[in-house]
Amino acid sequence: MSSASAASAVVTLNVGGELFQTTAATLSRAGASSPLASLAPSSPADPHFLDRDPRLFALLLSFLRRGGRLPSPPPSAALLAEARHFALDGALLASLSPAAAFSPLSLRPSALLPLAGRAAPSAVAVCPSPHPASLVAAHGGVVTCFDAALASRDSVLTPLPAVDSLVAVSPSLAAAGARDFPGVHLCRFSSDDAAAAAAPEVLSWPDSPSATVLSMAATAASGPPPLPWLFASFESARRNSSAVVAFDLNSLSPVAEIGRKEVFGADVEAAIPANKLGWLGVHNLLLAAGSHSGPAGVVGDIRLWDVRASATVPVWEVREKEDCFADVAASSALSALFKVGAASGEVFMADLRMLSSGGIGLEPWVCIGDGHRAAMVASSGRKEGNGCRIECYYNWVFVARGAEVEVWSQVELAPEAGGKKVMRRNWVGSGPSSVRAGGEEGENGKTRIVSWAFGGSRMALARADKRSVEVWDSAPTAICVKS
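Criteria and cut-off values
Residues numbered from 1 in each chain as written. Predicted model: local features only at pLDDT ≥ 70, side-chain atom pairs only at ≥ 80, totals over all residues. Heavy atoms only, no water. Core = buried A, V, L, I, M, F, W, Y, C linked by side-chain atoms within 4.5 Å. Buried < 20%, exposed > 50% of the residue type's maximum accessible area, 1.4 Å probe, protein only. Helix = DSSP H or I, 4+ residues; strand = E, 2+ residues; numbered from the N terminus. Contact = heavy atoms within 4.5 Å. pLDDT = per-residue confidence, 0-100. Pairing = 2+ DSSP bridges. Axes fitted to C-alpha atoms, helices over the stretch in contact; angles between N-to-C directions. Parallel < 35°, antiparallel > 145°, perpendicular 65-115°, else oblique. Polar contact = N/O pair within 3.5 Å; in protein donor to acceptor, adjacent residues only side chain to side chain. Salt bridge = Lys/Arg side-chain N within 4 Å of Asp/Glu carboxyl O. Expected span 1.5 Å × (residues − 1). Arc of directions from axis to C-beta.

The next subject is the nonpolar core. Counting 25 residues, the largest nonpolar core has Leu-36, Phe-57 and Leu-88 as its most contacted members. The set of elements that each furnish at least two residues to this core consists of strand E1 (10-15), helix H2 (24-28), helix H3 (54-65), helix H4 (77-85) and helix H5 (89-94). Among all residues touching Leu-88, those that are not within four sequence positions of it are Ala-30, Leu-36, Leu-60, Phe-63, Leu-64 and Ala-83.

If you want it as structure tokens, here you go:
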């Protein structure tokens, strides 16, 4: 029988007393690790027998027939358990929030996830592609992981009094850090792997084991060497030295020390530690930025590192003085850096292709907001950007201002208008007057965003004084509460 004939041959299954017929090609979509993929063609007179629930199997077979797309509603815990039996749980969870379905203007509140205890969430993270978009939240010293279906949770108690930095490495592993507690603490949500159970639970700066963590970032789960890495920005307990340390996520061992800084005398501004890290996967560059507030105002520096070339000399850096950044982010898709000015609160953009290499660059920023207002406010000493956050996800730039989220998109003007590409602003949801989780409208239902994360087709928000996590999805669905 030819391979084409074998793929189209009919496979008959008796599942719990109910007959199902499909093709070998359909069952092969389950993947080589699934027992379904190895079932040979069979006739109704001699079907394969599976002692499983036929109702649940019918849903899984429909999932395979639809090419890995699951019809609503989201899968139940019983369906996820059945998928796990057939090694389909990873594909099933990955289909719930595909990155290809992300659309910022279609984001709507889809779930409100309550957290145990009295502490409000301080940090959230979403597991990056190609993993399913599971969600991790830190509240107090506890780190809780929700699966991609938001149907089950697993919590880990850390020794940290409160978590400031959080990275979701995979659905079974997260990294947590705190500004006043040493080391990166690994949170494992599945200890089936004996090798993982024997791995160290705390990652430290080898030259300063008592150093605290200011920020973290991870590379993609797959890619060219030296991936995958976890970057952590450390500051010594005496706050007189700092460095970014790269850890191999396979061996969990330190592999590089990047941009070490030492404070000599009172020259604190010359050795500002990095409190924001970001990874530009397309360019293989590490963004490391830090700021310091002193008598002369807010100053900071932004550096881009090619970790394969040098751990001591950045490929580009700029010193921020006038309208220093309140927050900064990098976009691989747009090949640009973005910042929110601490004084003006306006959004600025720096094209990576225009940045000079080999030392301190000239002023790279172009205001994509109100440039005239930015110039006026910057010289007035005001701090309208304090507390603002900025993050990049694919082709979009998101800015959190208090309780609201705005999104900047790149649009191409018509040929008669010059045909160039410009950035335009919109609001996520309905803007400042949108209905918030809990049903309250306007100012009464909103609190400040303290942390956020993007992954798959979702945006996760943690708000001040709210013991829950908001999940926004591109598909408009009603808010549901998961217990």
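Residues shown with low pLDDT carry predicted positions that ought not to be read at fine detail. Confidence in the prediction of the chain, expressed as mean pLDDT, is 84, and 84% of residues score 70 or more. Low confidence marks residues 433-444, where pLDDT is under 50. Its contacts with residues over four positions away, or in another chain, come to 15 contacts. Across residues 476-483 the pLDDT falls below 50, and counting only partners more than four positions away or on other chains, this stretch makes 21 contacts in the model.

Hydrogen bonding along the main chain pairs the strands of a sheet, whether they run parallel or antiparallel. Judged by pairing direction, the sheet is antiparallel, and its four strands sit side by side in the order E5-E6-E7-E8 without closing on themselves. In this open sheet, the two strands that pair with only one neighbour each are strand E5 (121-126) and strand E8 (153-157). For this sheet, the mean inter-axis angle between neighbouring strands, taken without regard to orientation, is 20°. Bridging between E5 and strand E6 (residues 135-139) involves five bridges; their strand directions are antiparallel.

This part covers the pairing of E6. Consecutive residues of a regular strand have side chains that alternate between opposite faces of the sheet. Of all five residues in E6, five are buried, a share of seventy percent or more. Side chains of E6 alternate between two faces, with Leu-135, Ala-137 and His-139 and Val-136 and Ala-138 buried alike. Bridge count between E6 and strand E7 (residues 142-146): five bridges; the pairing is antiparallel. Across the sheet, residue Ala-137 finds its bridge partner in E7, namely Thr-144.

Here H3 crosses H4 at 70°, and the two axes come no closer than 10 Å. Relative to H4, the element H3 is oriented roughly perpendicular. Of the residues in H4, those in contact with Leu-56, Leu-59 and Leu-60 of H3 are Ala-78, Leu-79, Glu-82 and Ala-83.

On to the environment of Phe-63, then. If you trace the backbone, Phe-63 turns up in helix H3. Given a relative accessible area of 2%, Phe-63 falls into the buried group. For the pair formed by Phe-63 and Ala-30, sequence separation is 33 residues and the distance between their alpha carbons is 9.6 Å.

Mapping Ser-34 onto the fold places it in the loop between H2 and strand E3 (48-50). We classify Ser-34 as buried; its relative accessible area is 3%. In this structure the side chain of Ser-34 is engaged in a polar contact, spanning 2.7 Å, whose partner is the backbone oxygen of Phe-86. With residues up to four places along the chain from it excluded, the contact list for Ser-34 reads Phe-86 and Ala-87.

What follows deals with the pattern of salt bridges. This structure, assessed with the given rule, holds 20 salt bridges. The shortest N-O distance in the salt bridge between Asp-473 and Arg-458 comes to 3.5 Å. Here the residue Asp-473 occupies a position in strand E31 (residues 468-473), and Arg-458 occupies one in strand E30 (residues 458-463), the gap between them amounting to 15 residues. Taken together, the salt bridges that share partners define one network made up of Asp-207, Glu-257, Arg-260 and Glu-262.

Take the sheet that holds E1 next. Here three strands make up an open sheet; going across it, the order is E2-E1-E3 and the pairing mixed. The open sheet has two edge strands, strand E2 (18-23) and E3, and neither has a second partner. Between one strand axis and the next, the sheet turns by 30° as a mean value, whatever way the strands run. With respect to the sheet, H3 is in contact with E1, E2 and E3, its orientation differing from that of E2 by roughly 10°.

Once that is clear, we can look at H3. A rise of 1.5 Å per residue sets the reference length of H3, with its twelve residues, at 16 Å; its end C-alpha atoms lie 16 Å apart and thus fit the reference within 8%. Taken as a whole, H3 has its buried residues at Pro-54, Leu-56, Phe-57, Leu-60, Leu-61, Phe-63 and Leu-64. Looking at the buried side of H3, the elements it contacts are E1, E2, H2, E3, H4 and H5. Of the residues flanking the start of H3, the one acting as N-cap is Asp-53, its side-chain oxygen 2.9 Å from the backbone nitrogen of Arg-55. Count one or two residues on from H3 and you reach Gly-67, which has phi positive near 75°.

Listed in full, the buried residues belonging to H4 are Leu-79, Leu-80, Glu-82 and Ala-83. All buried residues of H4 lie within an arc of 160° about the axis, which places them on one face of the element. Seen from the open side of H4, the exposed residues pointing more than 90 degrees away from its buried face are Ala-77 and Arg-84. Lining the buried residues of H4 we find H3 and H5. At the exit of H4 stands Ala-87, carrying a positive phi of roughly 60°.

Counting buried positions along strand E10 (residues 173-178) yields six of six residues, so the element is predominantly enclosed. Residue alternation in E10 divides its side chains into two sets, Leu-173, Ala-175 and Gly-177 and Ala-174, Ala-176 and Ala-178, and both sets are buried. With five bridges joining them, strand E9 (residues 165-170) and E10 adopt antiparallel strand pairing. Considered in E10, the bridge of Leu-166 is made with Ala-176. Counting the residues that bridge the hairpin from E9 to E10 gives two residues. The pairing of E10 with strand E11 (residues 181-188) spans five bridges and is antiparallel. Bridging from a neighbouring strand, Ala-176 pairs with His-185 of E11. Where E10 hands over to E11, the hairpin turn is made up of two residues, counted between the paired strands.

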